[in-house]
Amino acid sequence: MASETIDARGLSCPQPVILAKKAISKGDFPIEVMVDSETSKENVSRMATHSGCSVSIEERADTFLLRIDKK
Amino acid sequence: MKKFFASRAGIVTAGGVIGAIAAYLVYLGNPPNMGVCVACFTRDTAGALGLHRAGAVQYLRPELIGFVFGSLVSALAFGEFRPRGGSAPVLRFVLGFFAMVGALVFLGCPWRAFSRLAGGDLNAVTGIAGLAVGIALGVWFLKNGYNLGRSTPSRPAAGWVMPVFMLILFVLLVFEVKFTPEGPIFFSSAGPGSMHAPLFVSLGAGLLVGVLAQRTRFCTMGALRDLILMKETHLLSGVLGFIVAAFAVNLLIGKFNVGFAPQPIAHSDHLWNFLGMSLSGLCFALAGGCPGRQFFMSGEGDGDASVFVFGMLIGAAFAHNFNLAGAPDKFDKATQVLTVGGPSVWGQWAVIAGLVLVIAIGLFMREKSR
């Protein structure tokens, strides 16, 4: 189970990134982020990777589930 | 392939190709430092449709049609066409409207600001500084809980509005339809609107830019926003690629000329260059994308981005009908006298009113709980 789940579906750029970044700085890993566009998926994973986290991505119907954890 | 476009090499390559295309389109006939200007081209389109009657700026710019179709084709091919909408559309219309007013006071959107910089127009520096300040203000709102709410998935018809609109413009352009003997459709016989590359070259260039930008998410506002918000330079490297390539092509075609005045279709009224672009930058930041990106997202089925584009179109019409747009500097070669242009007093008030309204949107659209 994730410590924190963020539903960022339907939010426009850069909201998903801001929400995920806030969660990363709080440090409650693992974090799950739900997004519904390729753009948000790329942006959130790029930010998380640059913040020194690992990211795994699961695709479910119209949603991408990004699981962000400490490396 | 997907990975390449999402990589830094991908965005730099795309930015470089787009910048080179922008500069080369000037060589092929587009107005100076205006190979690709999303705001100017939207204004020309508004003029061609007769929404304003400024005779010098009327042409259905094929580049914009190409933007939407390039993005549409790319989105369909890569399974990214997602009809959606419903995230505060009327506010997005207002943001599009004032983004355009600000851009036309400066005489260009961020795309043209970077093109002007690559052509040696130093007024672009003032404009880009204003753009950065506007975006920084937008970032402050974003950090303090501003958002326009979620969009929701919709049925395909909602996503096809902008492509169909562009198809209609394309038919009107190709057949040069005249609804009355005088027009519309209007086509400028003098001035920037009369200057254009061959139709199908422009269309092809627009298509290529549309595909590249859809794949890489190229965004001139996002470049500065991400830098300010989180010191992220991914999109910025695309814009740097754009500037360097446009600069190189300008050198090759002899279109590089450093100075403040006289510069083509530009004015050196620094305060209003700065404030115009501040307004524009704030609007783009609050709407989540530069004008180009709004066109590309429209092609991906984003109804909210389409509403922003329609706001730009109407904003352009108002800007010229109500004398809000900046006038370019005039240089008399015989007497060597320079007359500095800039916006009328109406244009100045429109920028101030726009800033007040858009700041109010930023303040009132914050989620209190965050």
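Because the structure is predicted, anything quoted here is derived from the model rather than measured.

**Points about the overall build of chain B**
Alright, step 1. Helices and strands together make up the secondary structure of chain B, namely 16 helices and 4 strands.
Alright, step 2. Taken over the C-alpha trace, chain B has a radius of gyration of 19 Å; the compact-globule value for 370 residues is 21 Å, and the two agree within 12%.
Alright, step 3. With respect to the principal axes defined by its C-alpha atoms, chain B has extents near 60 × 45 × 45 Å.
Alright, step 4. A total of 370 residues make up chain B; the buried ones form 59% of that total.

**As for the pairing of strand S3 (residues 53-60) of chain A**
Residues and elements named next belong to chain A.
Alright, step 1. Here 8 bridges tie S3 to strand S4 (residues 63-70), and the two strands are oriented antiparallel to one another. Along S4, the bridge assignment pairs Arg60 with Thr63.
Alright, step 2. Hairpin connection between S3 and S4: a loop of 2 residues separates the two successive antiparallel strands, and Ala61 in this loop has a positive phi of roughly 45°.

**A few points about the state of the cysteines**
Residues and elements named next belong to chain B.
Alright, step 1. One pass over the structure, following the stated rule, counts 1 disulfide over all chains.
Alright, step 2. Note on cysteine connectivity: Cys37 is disulfide-linked to Cys40, with sulfurs 2.4 Å apart. An S-S torsion of about 65° defines the bridge between Cys37 and Cys40 as right-handed. With respect to class, Cys37 is no different from Cys40; both count as buried.
Alright, step 3. The closest cysteine sulfur to the non-disulfide-bonded Cys283 is located on Cys290, 13 Å from its own sulfur.
Alright, step 4. On the accessibility criterion, Cys283 (0% relative accessible area) is buried.

**A short note on the nonpolar core**
Alright, step 1. The biggest cluster of nonpolar side chains holds 121 residues, and the ones touching the most others in it are A:Val33, A:Ile68, B:Phe67, B:Leu95, B:Trp111 and B:Phe295.
Alright, step 2. The contacts of B:Leu95, once residues within four sequence positions are left out, are B:Tyr146, B:Leu148, B:Cys283, B:Leu286, B:Ala287, B:Phe308, B:Val358 and B:Ile361.

**Comments concerning the pairing of strand S2 (residues 31-35) of chain A**
All names here are of chain A.
Alright, step 1. Counted residue by residue, S2 has 5 buried out of 5 residues, so it is predominantly covered.
Alright, step 2. Side chains Ile31, Val33 and Val35 of S2 all project onto a buried face; the interleaved residues Glu32 and Met34 project onto the opposite face, where all are buried too.
Alright, step 3. Judged from the 4 bridges that link them, strand S1 (residues 4-7) and S2 form a sheet pairing that is parallel. Within S2, the position partnered with Asp7 by the bridge is Met34.
Alright, step 4. Read as a crossover between parallel neighbours, the route from S1 over helix H1 (residues 15-26) to S2 is right-handed.
Alright, step 5. Sheet analysis places S2 next to S4, joined by 5 bridges and oriented antiparallel. Pairing of Met34 across the sheet is with Leu65, part of S4.

**Observations concerning the interface of chain A and chain B**
Alright, step 1. Across the contact, 22 residues belong to chain A and 21 residues belong to chain B.
Alright, step 2. Between B:Arg82 and A:Asp36 there is a salt bridge, with its nearest N and O atoms 3.8 Å apart.
Alright, step 3. Across the contact surface, chain A and chain B share 10 residue pairs in polar contact (both at pLDDT 80 or more).
Alright, step 4. For the side of chain A that touches chain B, the elements supplying multiple residues, two or more each, are H1 and helix H2 (38-50) of chain A.
Alright, step 5. Considered class by class, the residues forming the side of chain A that touches chain B number 8 nonpolar, 6 polar and 8 charged.

Criteria and thresholds
Residues numbered from 1 in each chain as written. Chains lettered and ligands numbered in written order. Predicted model: local features only at pLDDT ≥ 70, side-chain atom pairs only at ≥ 80, totals over all residues. Heavy atoms only, no water. Helix = DSSP H or I, 4+ residues; strand = E, 2+ residues; numbered from the N terminus. Rg over C-alpha atoms; globule rule 2.2 N^0.38 Å. Buried < 20%, exposed > 50% of the residue type's maximum accessible area, 1.4 Å probe, protein only. Pairing = 2+ DSSP bridges. Disulfide = S-S within 2.5 Å. Core = buried A, V, L, I, M, F, W, Y, C linked by side-chain atoms within 4.5 Å. Contact = heavy atoms within 4.5 Å. Right-handed = clockwise from strand over helix to strand, strands pointing away. Salt bridge = Lys/Arg side-chain N within 4 Å of Asp/Glu carboxyl O. Polar contact = N/O pair within 3.5 Å; in protein donor to acceptor, adjacent residues only side chain to side chain. Nonpolar A, V, L, I, M, F, W, Y, C, P; charged D, E, K, R; others polar.

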